[in-house]
Amino acid sequence: MGIKLELEKFTFPGVGEERPLVMAGPCSAETEEQVMETARQLKENGINIFRAGIWKPRTRPNTFEGVGKEGLPWLKKVHNELGMLTATEVANANHVFEALKYGVDILWIGARTTANPFAVQEIADALEGVDIPVLIKNPVNPDVELWIGAFERLNQAGIKKLAAIHRGFSTYGKTFYRNDPQWQIPIELKRRIPDLPMITDPSHICGNRELLFEISQEAMDLNFDGLIIESHICPDKAISDAGQQITPKALKELLDKLVLRKPNIENTLIMNSLEDLRQEIDKYDDKLLDILASRMMVAEKIGLYKKEHNLTILQSGRWDELLQERTRKAMKKGLSEEFIIKVLRAIHQESINRQTKIMNE
Ligand code: PEP
Ligand code: MN
């Protein structure tokens, strides 16, 4: 399905003209002092866009759910006294009205809200006719259509300054990351809506401080436009997400360490060598496609044979043996286990689909 979004590039004087656009601030606005002091230190460290959660969507009740509208004058003070742009999360129409009343500069829609089309529509309706940048976090579940749907709803309400925030995806059980990055999903979003600015939220992907740099660098290497990182004057004492927040000084150190690479360069010699290597890749891809097509033809022959002899499509012993043997061989050739298992599963699924089709013919 084609996606037609009417986007307007949004840069602010002195902000967002260079990569990365950085937004930082505490997970939650807690007190006026914490907000003002964090913002002041961030500003000192070169940050111009201040984020803070006023309303917090918490997994369980009876935990801190944000200070609510009481915190909005603090954001206004950050804007007026420090000249920073402010950003907060909105999850319903009332949040939108309150945030607009206090002049919040940028709004974002949280991951749990993006997953709910009723809530997104309510926010879109409340924003009808308002000219404000809205950043949309990916839904908690890895569903690119749901994410695109949220952009469409906002755009249909007239919001043209849109950007995506990639904050990773929920998984069951304890995993390495708090929210699995699954980079292929934001990459697919960018493929479908090429003009959409892309921001990564390393804080909610990592859930800790140790991995923040690695994820930030990866986002830059994937040519993302910006980063939103949680920062608190006293991270260990933060009321929400204490484990992942960093001081403004640590944030500056992280940003200074980032290596910024360019998607293209003027130097034709370098671009030509890259082109040669790409042609080599193209040749291998052609070979791969030929091999895959031939393999599927054999799979179809096997399907016919099984049909004639009334055999089931799946003989699980054979599949298990194949998976183990190929994985072992692939790893010897330096291919990662995770990668080869994914490839083999995809090939096997396609073989089954072809054979099922033959059985039903
Ligand atoms: C946040 O940015 O503080 C937040 C709640 O994020 P998410 O919606 O990504 O969980
Ligand atoms: Mn948070």
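Residues numbered from 1 in each chain as written. Chains lettered and ligands numbered in written order. Predicted model: local features only at pLDDT ≥ 70, side-chain atom pairs only at ≥ 80, totals over all residues. Heavy atoms only, no water.

Asks: Help me understand the domain arrangement of the protein, please; the structure alone is not making it clear to me.
Replies: Note: interface size is frequently given as the accessible area lost on complex formation between the parts. Under the domain assignment, the protein is made up of domain 1 (21-257) and domain 2 (268-359). For domain 1 and domain 2, the distance between their C-alpha centres works out to 40 Å. (Domains from an automatic or database assignment.)

Asks: What am I meant to see in the site of ligand 1 here?
Replies: Near ligand 1 you find Cys 27, Arg 51, Lys 56, Glu 89, Trp 108, Gly 110, Ala 111, Arg 112, Lys 137, Arg 167, His 204 and Glu 230, and these make up its full shell. The backbone of Ala 111 places a nitrogen or oxygen atom 2.9 Å from an oxygen atom of ligand 1. Arg 167 is positioned with one of its side-chain polar atoms (N or O) 2.6 Å from an oxygen atom of ligand 1. Among the residues forming the shell around ligand 1, the class breakdown is three nonpolar, two polar and seven charged. (Near = heavy atom within 4 Å. Polar contact = N/O pair within 3.5 Å; in protein donor to acceptor, adjacent residues only side chain to side chain. Nonpolar A, V, L, I, M, F, W, Y, C, P; charged D, E, K, R; others polar.)

Asks: Honestly, helix α12 (residues 316-332) in this entry has me stumped. Any pointers?
Replies: In an α-helix, one full turn covers 3.6 residues, which means residues spaced three or four apart are oriented alike. When the terminal C-alpha atoms of α12 are compared, their 24 Å separation across 17 residues agrees well with the 24 Å that a helix rising 1.5 Å per residue should span. After α12 finishes, the residue Gly 334 shows a positive phi value of roughly 90 degrees. (Helix = DSSP H or I, 4+ residues; strand = E, 2+ residues; numbered from the N terminus. Expected span 1.5 Å × (residues − 1).)

Asks: Teacher, can you tell me more about the packing of α12 against helix α13 (residues 337-360) here?
Replies: Think of two packed helices as two axes; the pair is described by the angle between the axes and how far apart they sit. Viewed as axis vectors pointing N to C, α12 and α13 meet at an angle of 140 degrees, and their least axial separation amounts to 10 Å. Compared by their axis directions, α12 and α13 come out oblique. As α12 packs across α13, the resulting crossing turns out to be right-handed. For the pair formed by α12 and α13, the contact residues are Trp 319, Leu 323, Arg 326, Thr 327, Ala 330 and Met 331 on the first element and Glu 337, Ile 340, Ile 341, Leu 344, Arg 345 and His 348 on the second. For the contact of α12 with α13, the per-class residue count stands at seven nonpolar, two polar and three charged. (Axes fitted to C-alpha atoms, helices over the stretch in contact; angles between N-to-C directions. Parallel < 35°, antiparallel > 145°, perpendicular 65-115°, else oblique. Left-handed = near helix turned anticlockwise from the far one by under 90°. Contact = heavy atoms within 4.5 Å.)

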